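# Topology and contacts: notes
Below, each chain spelled out in residue letters.
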Amino acid sequence: MNNLNTDQQNLDAILTDVKQQGIDYLNHIHERPTASATDLAIIRDLNQQGIGTVEALKQFNQRFEPIMVASSGPRYWGFVTGGTTPAAIAGDWLSTIYDQNTQSAKGNGDVSAIIELETIQLLLSLFNLPKDFFGGFVTGATLSNFTCLAVARQWIGKQLGKDFAREGISGAVKVLSATPHSSAIKSLSMLGLGSSNFIQVNVMQGNREALDVADLELKIQSLNGEPFILISSAGTVNTVDFDDFEAINVLKGKYNFWWHIDAAFGGFAACSPKHNHLVKAWENADSITIDCHKWLNVPYESAVFFVKEKHQLLQVETFQNSNAAYLGNPMENFSYLNFLPENSRRLKALPVWFTLTSYGKQGYQEIVESNVEVALQFADFINENPNFELLAPVRLNTVCFSLTDESLVATFLNKLNAGGKVFMTPTFYNGKKGIRAAFVNWRTSAADVELATAAMLEILTEV
């Protein structure tokens with residue numbers, strides 16, 4: 001235990017060194033490469049005595065620090081990856097220091113769920129959603145979709161006179177969707193509903209990814225009154241297309257279904273008066289997925305689910321811990337233990353609480369609108385250069401494009417990403433190989449777009 005005791009005595013100096021290293025990284029994040037291709041030998045045997053934190057930090061800096069890319073920086077435009085605001089960093093550090101297992105809001109012991117419950121209210125306010133949603137934190141959009149669809153699965157069972165959570169799934173569960181995200185498909189797999197077992201709704205004509213409401217109604221009618229789950233999109237991955245929530249809401253009044261909206265990043269359109277029409281009527285959904293480590297700009301492993309409070313008993317039936325007494329009113333003896341998948345949970349709400357409290361509604365409106373502006377600036381570059389073509393209109397914050405010579409896409413993107421100035425991801429859209437650039441980082445500016453486009457022009461001379 002000598003190393004542990006020594007580290008405890010030197011903790012002030014150790015944390016000071018780590019803090020300074022973090023500040024140096026953030027201060028030079030514009031200069032750090034967005035890609036790394038280093039081959040690194042993996043150590044497979046653990047040191048018998050350990051080397052202590054000071055030496056471990058030296059080893060980290062020698063071996064691992066050089067391969068850390070600026071994924072939280074202003075020119076990392078792949079995978080819809082957000083950055084981290086200063087307030088979110090402060091909150092995340094404190095989450096680690098206080099190390100709470102966030103479950104309960106009252107009683108003895110850890111009551112840090114108070115923070116989570118308050119943060120959910122702040123998020124509902126940010127998104128202008130009504131207070132009849134109950135929410136909680138999970139690790140990402142996949143687990144948020146999983147949580148929402150698990151409650152939907154239980155709802156379906158009850159419509160059929162069954163308790164799927166206790167008895168297991170029996171019979172077919174109908175799921176309808178047009179352009180579901182891969183995380184929703186993965187959730188269907190994990191829930192035993194079948195990753196390929198959903199009814200494909202047609203998309204709208206005219207280079208759209210949004211569902212065709214007329215085709216949706218035809219497919220609903222073919223179910224002859226059978227209850228089903230609808231997975232709709234608030235921002236598709238390639239083109240940030242939005243389903244028509246007002247029209248879906250009309251159908252909700254006519255047919256019996258669970259309405260889930262995957263709004264992982266597109267839901268942030270609600271933060272801006274310029275763009276909130278895209279989510280009009282989304283408040284009528286039964287459940288919504290929001291991914292905080294995207295456009296909210298907090299560290300990874302942060303997403304929320306919103307499920308209508310009227311479904312709380314279904315949610316408890318789905319997630320109730322096996323050794324917990326049945327809860328007549330799930331809020332009287334409230335614990336997140338009975339509302340979501342994990343039994344052990346980090347205080348993921350605290351970085352979100354810090355950033356929301358620090359920057360407020362106006363701060364997030366400015367982030368959203370600034371990112372949309374730089375996306376349009378980038379799209380103008382694509383439109384003006386005959387070597388590129390837009391594959392879809394820019395509807396919000398993502399630019400989906402290709403090279404005029406499609407055969408050069410892979411070579412071009414590999415060279416561009418390897419250069420480390422900017423990072424984008426490959427995609428396939430409307431039968432074409434493409435490239436996708438997603439703008440969600442609070443640091444990204446017009447100067448970053450100029451630097452990236454200059455790098456693109458340079459690569460064009462090489463392919």
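My aim in this report is to walk through the structure given alongside it, one point at a time. Because the structure is predicted, anything quoted here is derived from the model rather than measured.

In this section: the sheet that holds strand β3 (residues 199–200). Here we have seven strands laid out as an open sheet, ordered β1-β7-β6-β5-β4-β2-β3, and mixed in their pairing. Where the open sheet ends on each side, the last strands, each with one partner, are β1 (133–138) and β3. Here strand β6 (residues 287–291) runs beside strand β7 (residues 303–308); their pairing, made up of five bridges, is antiparallel. Each bridged residue has a counterpart across the sheet, and for Ile 288 the counterpart in β7 is Phe 306. Contacting β4 (228–233) and β5 (257–262), helix α10 (residues 245–252) runs over the sheet at an angle of about 165 degrees to β5.

A few words on a nonpolar patch on the surface. A surface patch of nonpolar side chains, amounting to about 230 Å² of accessible area, comprises Leu 40, Phe 64 and Met 68. With respect to the secondary-structure elements, Met 68 resides in the loop between α3 (52–63) and α4 (86–98). Judged by relative accessible area, which is 41%, Met 68 ranks as partly exposed.

Take Asn 385: it is sitting in the loop between α12 (349–384) and β8 (388–390). In this structure, Asn 385 is in contact with Leu 457 and Leu 460, ignoring residues within four places of it in sequence.

We now examine the side chain of Ser 112. Examined against the element boundaries, Ser 112 turns out to sit in the loop between α4 and α5 (113–126). In this view, Ser 112 contacts Gln 100, Thr 102, Ser 104 and Leu 347; residues no more than four positions away in its chain are not counted.

In the structure shown here, the tally under the stated rule is 17 salt bridges. Of the charged contacts, one joins Asp 132 and Lys 308 as a salt bridge, the two residues approaching to 3.9 Å between their closest N and O atoms. Separated by 176 residues along the polypeptide, Asp 132 in the loop between α5 and β1 and Lys 308 in strand β7 bring together distant segments of the chain. Classification of Asp 132 by relative accessible area gives partly exposed; the value is 34%. For Lys 308, a relative accessible area of 8% gives the class buried. Notably, a salt bridge pairs Asp 241 with Arg 395, separated by 3.7 Å at the nearest N-O pair. Within this pair, whereas Asp 241 is found in the loop between β4 and α10, its partner Arg 395 is found in the loop between β8 and β9 (398–403), the two being separated by 154 residues in sequence. Like Asp 241, the residue Arg 395 is buried in the burial classification. Each of Arg 208, Asp 241 and Arg 395 takes part in one network of salt bridges that share partners.

Looking at the largest pocket, its volume works out to about 1100 Å³. Around the largest pocket sit 29 residues that line it, and Val 18, Gly 22, Tyr 25, Ile 89 and Trp 93 are the ones nearest its centre. Of all elements in the fold, only α2 (11–27), α3 and α4 reach the threshold of two or more residues within the lining of the largest pocket. Sort the elements by how many residues they give to the lining of the largest pocket and α2 lands first, with nine residues. Residue classes in the lining of the largest pocket are distributed as 15 nonpolar, eleven polar and three charged. Taken as a whole, the second largest pocket spans an internal volume of roughly 470 Å³. Surrounding the second largest pocket, 27 residues form its lining, His 181, Ser 182, Val 237, Phe 265 and Lys 294 being those nearest its centre. Per-element accounting of the lining of the second largest pocket gives the leading share, three residues, to helix α8 (residues 182–190). Residues that form the lining of the second largest pocket fall into these classes: twelve nonpolar, ten polar and five charged.

It is worth spelling out the environment of Ala 281 at this point. Within the secondary structure, Ala 281 sits in the loop between β5 and β6. For Ala 281, a relative accessible area of 9% puts it in the buried group. Sequence separation between Ala 281 and Val 250 is 31 residues, and the spatial gap between their C-alpha atoms is 9.9 Å.

With six of eight residues buried, helix α11 (residues 312–319) lies mostly within the body of the structure. On the buried face of α11, the contacting elements are β1, α6 (141–159), α7 (164–167), β5 and β7.

Bringing the packing of aromatic side chains into the picture now. On inspection of all chains with the given rule, the structure shows 25 aromatic pairs. With a centroid separation of 6.2 Å and an interplanar angle of 55 degrees, the aromatic rings of Phe 60 and Phe 64 are classed as tilted. On the numbers, 6.2 Å between centres and 50 degrees between planes, the contact of Phe 134 with Phe 305 is tilted. On the criterion of sequence distance, the pair formed by Phe 134 in strand β1 and Phe 305 in strand β7 is long-range, its members being 171 residues apart. Phe 305 matches Phe 134 in its accessibility class, with the two residues each being buried. Among the aromatic residues, those joined into a ring-pair cluster are Trp 77, Phe 378, Phe 381, Phe 388, Phe 401, Phe 412 and Phe 439.

Cut-off values and rules
- Residues numbered from 1 in each chain as written.
- Predicted model: local features only at pLDDT ≥ 70, side-chain atom pairs only at ≥ 80, totals over all residues.
- Heavy atoms only, no water.
- Pairing = 2+ DSSP bridges.
- Helix = DSSP H or I, 4+ residues; strand = E, 2+ residues; numbered from the N terminus.
- Contact = heavy atoms within 4.5 Å.
- Axes fitted to C-alpha atoms, helices over the stretch in contact; angles between N-to-C directions.
- Patch = residues over 30% accessible without salt bridge, like charges linked within 9 Å, V, L, I, M, F, W, Y side chains within 5 Å.
- Areas by Shrake-Rupley, 256 points an atom, 1.4 Å probe, with all protein chains shown as cover.
- Salt bridge = Lys/Arg side-chain N within 4 Å of Asp/Glu carboxyl O.
- Buried < 20%, exposed > 50% of the residue type's maximum accessible area, 1.4 Å probe, protein only.
- 1 Å grid on protein atoms, 1.4 Å probe; cavity = no way out; pocket = protein on both sides within 12 Å on 5 of 7 lines; lining within 4 Å.
- Points joined across faces, edges and corners; volume = space filled by probe spheres on them.
- Nonpolar A, V, L, I, M, F, W, Y, C, P; charged D, E, K, R; others polar.
- Phe/Tyr/Trp six-rings, centres within 6.5 Å; stacked < 30°, edge-to-face > 60°.

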